[in-house]
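In case you want the letters, here they are:
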Amino acid sequence: MNYHLYEINDKIKNKVVDFIIQHWGSPKIVSRGKVHSMAQLPGIVVLRDNNIIGLLTYSIENEGCEIVSLDSLVENKGLGTTLMNEIEKIARAKKCHRIWLITTNDNIRALKFYQKRGYDIKAIHRHAVENARKIKPEIPLKGYDDIPINHEIELEKWISI
Ligand SMILES: CC(C)(COP(=O)(O)OP(=O)(O)OC[C@H]1O[C@@H](n2cnc3c(N)ncnc32)[C@H](O)[C@@H]1OP(=O)(O)O)[C@@H](O)C(=O)NCCC(=O)NCCS
């Protein structure tokens, strides 16, 4: 597959925000009660023919690197894995020991994907999505396979730097 990886820059930012709105319902993502404004986050964008086909955004705080969003529009071709390898390189360069993320209880595919790549379940934050919905009402009530979206699942991977 022919594609190129770029760091998000000012030139592409508007396109990235449009992509996030399209795939996440709003320009903000809520995780652990924190609101991430997607126009402000760094990330890696994957372009093919000038269209975004993959995106990973992240936030670094206290030697931890949170993957705030991850999307691959061309599934099962290694794109998601490529983005996960890239974030490990970035985390190492920024001296982060821990990479972590939140997914939701309905996202069985993501749970499989992350666990197969060394991410361990750190915590299940029961009913956290109900609180997140108060901040971001666009979060749907049901997700993948019509499963009610209620809980945040926190996964983490410790890396040597
Ligand atoms: C989860 C997600 C990011 C995975 O992305 P992806 O591009 O499909 O990931 P990959 O292609 O790297 O890996 C998926 C599977 O395809 C397989 N695969 C990779 N390259 C392949 C190839 N060339 N041919 C066939 N299969 C391949 C991988 O082995 C992998 O299977 P495994 O997990 O059993 O090892 C993607 O499904 C997605 O965007 N989901 C919607 C948004 C989401 O849920 N994001 C995460 C929540 S925060």
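I will try to describe carefully the structure that is included in this document.

What counts and how
Residues numbered from 1 in each chain as written. Predicted model: local features only at pLDDT ≥ 70, side-chain atom pairs only at ≥ 80, totals over all residues. Helix = DSSP H or I, 4+ residues; strand = E, 2+ residues; numbered from the N terminus. Buried ≥ 20, exposed ≤ 12 C-beta atoms within 10 Å, placed from the backbone. Near = placed C-beta within 6 Å. Nonpolar A, V, L, I, M, F, W, Y, C, P; charged D, E, K, R; others polar. Core = buried A, V, L, I, M, F, W, Y, C linked by C-beta atoms within 7 Å. Contact = placed C-beta atoms within 7 Å. Pairing = 2+ DSSP bridges. Axes fitted to C-alpha atoms, helices over the stretch in contact; angles between N-to-C directions. Arc of directions from axis to C-beta. Expected span 1.5 Å × (residues − 1).

With that settled, consider the overall build of the chain. Along the chain, the regular secondary structure elements total four helices and nine strands. Reading the helices (α) and strands (β) of the chain from amino to carboxyl end gives β-α-β-β-β-β-β-α-β-α-β-α-β. Overall, the chain is about 40 × 35 × 30 Å in size when its C-alpha atoms are taken along their principal axes. Every one of the 161 residues in the chain was classed for burial, and the buried ones make up 29%.

For the rest of this paragraph, the subject is the site of the ligand. The environment of the ligand is made up of 18 residues, and the closest members are S72, E75, G78, G80 and T81. Looking at the shell around the ligand, the elements that each hand over two or more residues are strand 6 (64–72), helix 2 (79–93), strand 7 (98–104) and helix 3 (108–116). Broken down by element, the shell around the ligand gets its largest block of residues, five residues, from helix 3. Its residues assigned to classes, the shell around the ligand shows five nonpolar, seven polar and six charged.

Let us now look at the nonpolar core. One finds L56, I67 and I87 to be the most contacted residues of the largest nonpolar core, which totals 35 residues. Ignoring sequence-local partners within four residues, the contact set of I67 consists of L56, Y58, I87, I99 and L101.

What follows covers the sheet that holds strand 7. Ordered in space as 1-4-5-6-7-9-8, the seven strands form an open sheet in which the pairing is mixed. Both outer strands of the open sheet, strand 1 (4–7) and strand 8 (120–125), are each paired with one neighbouring strand and no more. The sheet shows a mean angle of 25° between the axes of neighbouring strands, taken without regard to direction.

Look at R32: it is not a glycine, yet its phi comes out positive at around 50°. Mapped onto the fold, R32 is located in the loop between strand 2 (28–31) and strand 3 (34–37). For R32, a count of 14 C-beta atoms within 10 Å puts it in the partly exposed group.

What follows is about helix 4 (residues 128–135). Taken together, the buried positions of helix 4 are occupied by A128, V129 and A132. The buried residues of helix 4 occupy an angular sector of 90° when the element is viewed end-on, so they sit on one face. In this structure, the buried residues of helix 4 make contact with strand 2, strand 7, strand 8 and strand 9 (152–158).

A few words on helix 1 (residues 10–24). An ideal rise of 1.5 Å per residue puts 21 Å on 15 residues; helix 1 measures up with 21 Å between its terminal C-alpha atoms. Those residues of helix 1 that fall on the buried side of the exposure criterion are V16, F19 and I20. Summarising the axial view, the buried residues of helix 1 lie within an arc of 100°, below the 170-degree limit, and thus occupy one face. Summarising the geometry of helix 1, the exposed residues directed more than 90 degrees from the buried face are N14, D18 and Q22. Where helix 1 is buried, its residues contact strand 4 (43–48), strand 5 (51–61) and strand 6.

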